[in-house]
Amino acid sequence: QVQLQESGPGLVEPSQTLSLTCTASDASISTQYYFWSWLRQSPGKGLEWMGAMSHSGGTFVRPSLRSRISISRDTSKNQLTLQMNSVIPEDTAVYYCARDADGWNYYDWGYWGQGTQVTVSS
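The residue numbering used here restarts from 1 in each chain and proceeds along that chain's sequence as written. In view of the model being predicted, local features appear only for residues whose pLDDT reaches at least 70, and side-chain atom pairs are presented and counted only at 80 or more, with totals across whole chains, interfaces and linings using the full set of residues. As a convention, hydrogens and water are excluded, and side-chain values are obtained from all of the structure's heavy atoms.

How should the side chain of asparagine 78 be read in this particular structure?
Structurally, the position occupied by asparagine 78 is in the loop between strand 7 (69–74) and strand 8 (79–84). We call a residue buried when its accessible area falls under 20% of the maximum for its residue type, exposed when it is over 50%, and partly exposed in between, using a 1.4 Å probe and counting protein chains only. Look at asparagine 78 and you get buried, because its relative accessible area is 13%. Only runs of H or I of at least four residues qualify as helices and only runs of E of at least two qualify as strands under DSSP, and these elements are numbered from the N terminus.

Written as C-alpha cells, this is what we have:
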C-alpha cells in the first residue's frame, strides 16, 4: 500500500518561505506514469490543488500560485518537496501530498498523506 507522510513547520511568519516534505513508502516517485501532487484545504477555500510533478520530474503549478511555489524531488530519498515563498495568513491550511490512482491523470488522487497543519501568523 502506498503511504505518504507530510512534514514541515507548523507555524510560519508572514513573508517567509514555507518548505514541506512528502515522504513516500512502498512507492517510487519516479515510477511511470504516476503524478504526485500538493494540495491544501482550509475552511474558507475548501480543497485546492496546488501543483504536481510527473514521474519524470516535470512540474505544473496552479496559475494563481505559479509565481510563489516550486515543487522539487529527491529520488534517492523518495521525497517530494513544496516550497512557497512570501506566505500570507490566507495560506493557512492543512497541506497534503497525494498520488494519482492509476497513472493516467494527475487529478484522480487515490493515495493521500495525513496532512500537516500550517499556520501563517506573526
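Can you help me understand the sheet that holds strand 8 in this one?
The pairing of strands in a sheet comes from backbone hydrogen bonds and takes either a parallel or an antiparallel form. A pair of strands counts as paired when DSSP detects no fewer than two bridges linking them. The strand order 1-3-8-7 describes an open sheet built from 4 strands, whose pairing is antiparallel. Across the chains shown, the open sheet's two edge strands, defined by having one partner strand only, are strand 1 (3–7) and strand 7. Sheet twist, expressed as the mean angle between neighbouring strand axes with direction ignored, is 20°. As judged from the 6 bridges shared by strand 3 (residues 18–25) and strand 8, these two strands associate in the antiparallel manner. Bridge pairing in strand 8 places serine 19 opposite glutamine 83. Here, axes are lines fitted to C-alpha atoms. For helices the fit covers the stretch in contact, and angles between N-to-C directions go from 0 to 180 degrees.

How should I be thinking about the nonpolar core in this particular structure?
Side chains of nonpolar character tend, in soluble globular proteins, to be buried together. What is meant by a nonpolar core is a set of buried Ala, Val, Leu, Ile, Met, Phe, Trp, Tyr and Cys residues, joined one to another through side-chain atoms within 4.5 Å. Residues Leu18, Trp36, Trp38, Met50, Leu82 and Tyr95 are the most contacted members of the largest nonpolar core, which totals 27 residues. Listed by contribution, the elements that provide at least two residues to this core are strand 3, strand 4 (36–42), strand 5 (46–53), strand 7, strand 8, strand 9 (93–100) and strand 11 (116–120). In this structure, methionine 50 is in contact with Trp38, Leu39, Arg40, Val61, Arg62, Leu65, Ile69, Leu82, Met84 and Tyr95, ignoring residues within four places of it in sequence. Note on contacts: a residue pair is in contact if any heavy atoms of the two residues lie within 4.5 Å.

Any chance you could explain the pairing of strand 3 here in plain terms?
Along strand 3, the buried face is formed by Leu18, Leu20, Cys22 and Ala24; none of Ser19, Thr21, Thr23 and Ser25, which line the opposite face, is buried. In the sheet, strand 1 pairs with strand 3 via 5 bridges, with the strands oriented antiparallel. Considered in strand 3, the bridge of glutamine 5 is made with threonine 23.

Just to check I follow, could you spell out the state of the cysteines for this structure?
Note on terminology: disulfide describes a covalent bond linking the sulfur atoms of two cysteines. Only a pair of cysteine sulfur atoms within 2.5 Å counts as a disulfide in this structure description. Using the criterion set out here, one finds 1 disulfide in the structure. Disulfide pairing is shown between cysteine 22 and cysteine 97; the S-S distance is 2.1 Å. Because the torsion about its S-S bond is 65°, the bridge between cysteine 22 and cysteine 97 counts as right-handed. Placement of the pair is cysteine 22 in strand 3 and cysteine 97 in strand 9, with a sequence separation of 75 residues.

Quick question: what am I supposed to make of the packing of aromatic side chains here?
The relative placement of two aromatic rings is captured by the distance of their centres and the angle of their planes. Ring pairs are drawn from Phe, Tyr and Trp, using the six-membered ring of Trp, whenever the two centres fall within 6.5 Å, and their geometry is named by plane angle: stacked under 30 degrees, edge-to-face over 60, tilted for the rest. Here the structure, examined in full by the defined rule, presents 8 aromatic pairs. Both rings, one in tyrosine 96 and one in tryptophan 112, keep their centres 5.6 Å apart while their planes meet at 85°; by these two values the pair is edge-to-face. Highlighted residues: tyrosine 96 in strand 9 and tryptophan 112 in strand 10 (residues 109–112), separated in sequence by 16 residues. Among the aromatic residues, those joined into a cluster by ring pairs are Phe35, Trp49, Phe60, Tyr96, Tyr106, Tyr107, Trp109 and Trp112. Two conditions define a charge located above a ring, namely a distance within 6 Å from the ring centre to NZ of Lys or CZ of Arg, and an angle within 35 degrees of the ring normal. Positioned over the ring face of tyrosine 34 is arginine 99, at 3.6 Å from the centre of the ring.

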